[in-house]
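# Topology and contacts: notes
What follows is each chain in one-letter form.
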Amino acid sequence: MTHRALVTRGDGALVLEERGPFHPGPGELVVAPRAVGLCGTDLELVDGLVDPAYVRYPLVIGHEWTGVVTESGAAQWTPGDRVVVEGIVPCRHCAHCAAGATNICDTYAELGFTFDGAAAGEVVVRAELAHKVAPHVASEDAALVEPAAVVYHGLSRAVARPGLECLVVGDGTIGLFAVQLLQLWSPAKVVMAGRRSEQADLALAAGADEFAVTAPRASFDVVVEAAGTPSSVRDALSAVRRGGTVLLLGLPPHGEATPVPIDDLVNGDVVVRASFAYTSSSWSQVVALLNSGRIHPGAVVTHRFGLDGYRDAVAALRTPPPGVARGKVLLELQ
Ligand SMILES: [Zn+2]
Ligand SMILES: [Zn+2]
């Protein structure tokens with residue numbers, strides 16, 4: 001059967017188009033997505049703002065998702081299996097892949113970026129990248145393994161030990177995931193610095209001790225920059241204490257730049273760590289946390305739409321409705 005897919009050509013428009021029918025080749029699965037998270041990067045893809053080296057059009061969007069296998073070309077999978085699937089397709093033989101850094105494989109290929117994503121009735125994936133979702137896990141939680149893995153991968157390289165004082169700059173979903181996942185490192189304190197006071201309850205529910213509208217200066221061991229704007233990057237750099245680490249997770253539009261206080265960074269012996277996506281290893285660790293019930297990424301979902309409601313979903317993503325919390329915007333399929 002054919003199905004409908006949310007397609008963009010990077011010209012600001014998102015349209016439903018017929019695709020398929022799909023059948024799996026050897027080592028492939030056809031999966032019916034059940035829930036698909038949308039994020040700021042999807043908007044940047046729609047608006048043509050992503051570095052052209054990281055995108056191919058026309059593109060079916062959707063890189064945060066979970067689904068059910070409908071047809072299998074791999075012995076270990078059968079129709080009905082619930083899966084989450086690593087979006088980055090590593091070559092497995094370049095020097096980076098050999099070292100485990102599959103996120104920076106020499107050949108960049110990613111579902112929802114360089115090939116068709118999951119905001120559709122069906123998607124074709126490589127079976128070797130699929131992971132089983134346990135029966136008790138809600139689809140809303142499973143759908144958000146991708147952004148959780150991005151944040152977990154960054155945090156695992158920036159948080160050296162338990163008991164640290166941490167600041168998250170940015171009150172969007174990456175910031176909320178950062179607050180939630182920082183708890184895995186038993187921090188002494190987590191503060192979220194955000195612009196919208198409507199986000200405060202979500203931040204506290206995710207585990208923040210405090211929600212602040214202005215970022216305190218020079219007082220944190222770890223600062224996670226999760227907004228991806230020039231001013232939030234400057235806020236993050238000024239909030240770290242001497243000897244601390246700033247983790248850059250927010251992704252601004254291609255070419256964005258900002259001046260940085262070089263002497264403060266040098267005098268402060270500051271580590272500035274940027275982090276791209278996730279490795280196969282960090283993805284597996286997040287799936288294990290999900291299936292064991294240790295993390296619930298779906299707790300940040302506030303807006304749900306069907307595929308036909310995609311225009312409303314995009315509107316909620318572009319402009320947070322005043323007076324209400326806006327966490328993750330999710331498409332629910334079938
Ligand atoms: Zn995303
Ligand atoms: Zn590789």
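Residues numbered from 1 in each chain as written. Chains lettered and ligands numbered in written order. Predicted model: local features only at pLDDT ≥ 70, side-chain atom pairs only at ≥ 80, totals over all residues. Heavy atoms only, no water.

### Section: the coordination of the zinc ion (ligand 1)
Selection criterion: As a rule, N, O and S atoms within 2.8 Å of a metal are its donors, except that Na, K and Ca use 3.2 Å; water is not among the atoms, so sites may look incomplete. Only protein chains enter the accessibility calculation, which uses a 1.4 Å probe. A residue is then buried if its area is under 20% of the maximum for its type, exposed if over 50%, and partly exposed in between.
For the zinc ion (ligand 1), the protein coordination sphere consists of Cys39 (SG), His63 (NE2) and Glu64 (OE), at 2.1 to 2.2 Å. By relative accessible area, His63 is classed as buried at 5%.

### Details of the sheet that holds strand β11 (residues 210–212)
Note the cut-off: In this description, strands pair whenever DSSP reports at least two bridges between them. In DSSP terms, a helix is any run of H or I states spanning at least four residues, a strand is any run of E spanning at least two, and both are numbered starting from the N terminus. Interaxial angle, 0 to 180 degrees, is taken between N-to-C directions of lines fitted to C-alpha atoms, where a helix line uses only the stretch in contact. Contacts are residue-level and defined by heavy atoms, with any inter-residue pair within 4.5 Å sufficient.
The strand order across the open sheet built from 6 strands is β11-β10-β9-β12-β13-β14, with neighbouring strands paired in parallel fashion. Looking at which strands have only one partner, the edges of the open sheet turn out to be β11 and β14 (271–274). Strand-to-strand, the axes of this sheet are offset by a mean angle of 20 degrees, without reference to chain direction. Two elements, strand β13 (residues 240–248) and β14, share 4 bridges in a ladder whose sense is parallel. Across the sheet, the residue bridging to Val246 is Val272, located in β14. Its contacts with the sheet place helix α7 (residues 230–239) against β9 (165–169), β12 (220–225), β13 and β14, and it is angled at close to 150 degrees to β13.

### Points about the layout of surface pockets
Going by this rule: The way it works is a 1 Å grid over only the protein atoms, where trapped points that fit a 1.4 Å probe form a cavity and open points with protein on both sides within 12 Å along at least five of seven lines form a pocket, and then any residue with an atom within 4 Å of a point lines it. Grid points are joined across faces, edges and corners, and a volume is the space filled by probe spheres set on the points.
Roughly 150 Å³ of volume is contained in the second largest pocket. In this structure, the second largest pocket is lined by Arg217, Ala218, Leu237, Ser238, Val240, Arg241, Arg242, Pro261, Asp264, Leu265, Gly268 and Val270. Sorting the residues of the lining of the second largest pocket by element identifies α7, β13 and α8 (262–267) as the ones contributing at least two each. Ranked by residue count, the leading element in the lining of the second largest pocket is β13, at 3 residues.

### Some words on the domain arrangement of the protein chain
Our working definition: Note that the domain bounds reflect an automated or database-derived domain assignment. The term buried area refers to how much accessible surface (probe radius 1.4 Å) is lost by two components on association, counted for both of them together. A pairing counts as a salt bridge when a side-chain nitrogen of Lys or Arg comes within 4 Å of a carboxyl oxygen of Asp or Glu. Between N or O atoms, a polar contact is any pair within 3.5 Å; within protein, one atom must be a potential hydrogen donor and the other a potential acceptor, and residues adjacent in sequence are included only when both atoms are from side chains. In the scheme used here, Gly and all other residues not listed as nonpolar or charged are polar, with Ala, Val, Leu, Ile, Met, Phe, Trp, Tyr, Cys and Pro taken as nonpolar and Asp, Glu, Lys and Arg as charged.
Annotation of the protein chain at the domain level lists domain 1 (3–147 + 278–332) and domain 2 (150–274). For domain 1 versus domain 2, the distance between C-alpha centres works out to 25 Å. Each side of the interface is counted separately: domain 1 has 31 residues, and domain 2 has 19 residues. Around 2,000 Å² of area is buried between domain 1 and domain 2 when both sides are counted, 63% of it from carbon and sulfur atoms. When the buried area of domain 1 at its contact with domain 2 is split by residue, Glu44, Pro147 and Val300 rank highest and sum to 24% of it. Counting the contacts that link domain 1 with domain 2 gives 0 salt bridges. If you look at where domain 1 meets domain 2, you find 11 residue pairs in polar contact (both at pLDDT 80 or more). Mapped by element, the contributors of at least two residues to the side of domain 1 that touches domain 2 are α4 (145–158) and α9 (280–291). Of all the elements, α9 adds the most residues to the side of domain 1 that touches domain 2, at 4 residues. Residue composition of the side of domain 1 that touches domain 2, grouped by class: 17 nonpolar, 8 polar and 6 charged.

### Details of the sheet that holds strand β4 (residues 59–60)
Pairing in this open sheet of 3 strands is antiparallel, and the strands run β2-β1-β4 from one edge to the other. This sheet does not close on itself; its edge strands, each paired only once, are β2 (14–19) and β4. As paired elements, strand β1 (residues 3–8) and β4 share 2 bridges and run antiparallel to each other. Residue pairing in the sheet places Thr8 in a bridge with Leu59 of β4.

### Focus on the coordination of the zinc ion (ligand 2)
Definition in use: Think of it this way: with four donors and all angles in the 85 to 135 degree range, the site is tetrahedral; with four or six donors, opposite ones beyond 155 degrees and the rest between 65 and 115, it is square planar or octahedral; otherwise it is irregular.
Each protein donor to the zinc ion (ligand 2) is listed here as Cys91 (SG), Cys94 (SG), Cys97 (SG) and Cys105 (SG); together their distances run 2.3 to 2.4 Å. Classification of the site at the zinc ion (ligand 2) as tetrahedral follows from its 4 donor atoms and the range of 100 to 119 degrees in their angles at the metal. We note that the donor set of the zinc ion (ligand 2) lies within a single chain, spaced as C-x2-C-x2-C-x7-C. Relative accessible area serves as the criterion here: at 8%, Cys94 is assigned to the buried category.

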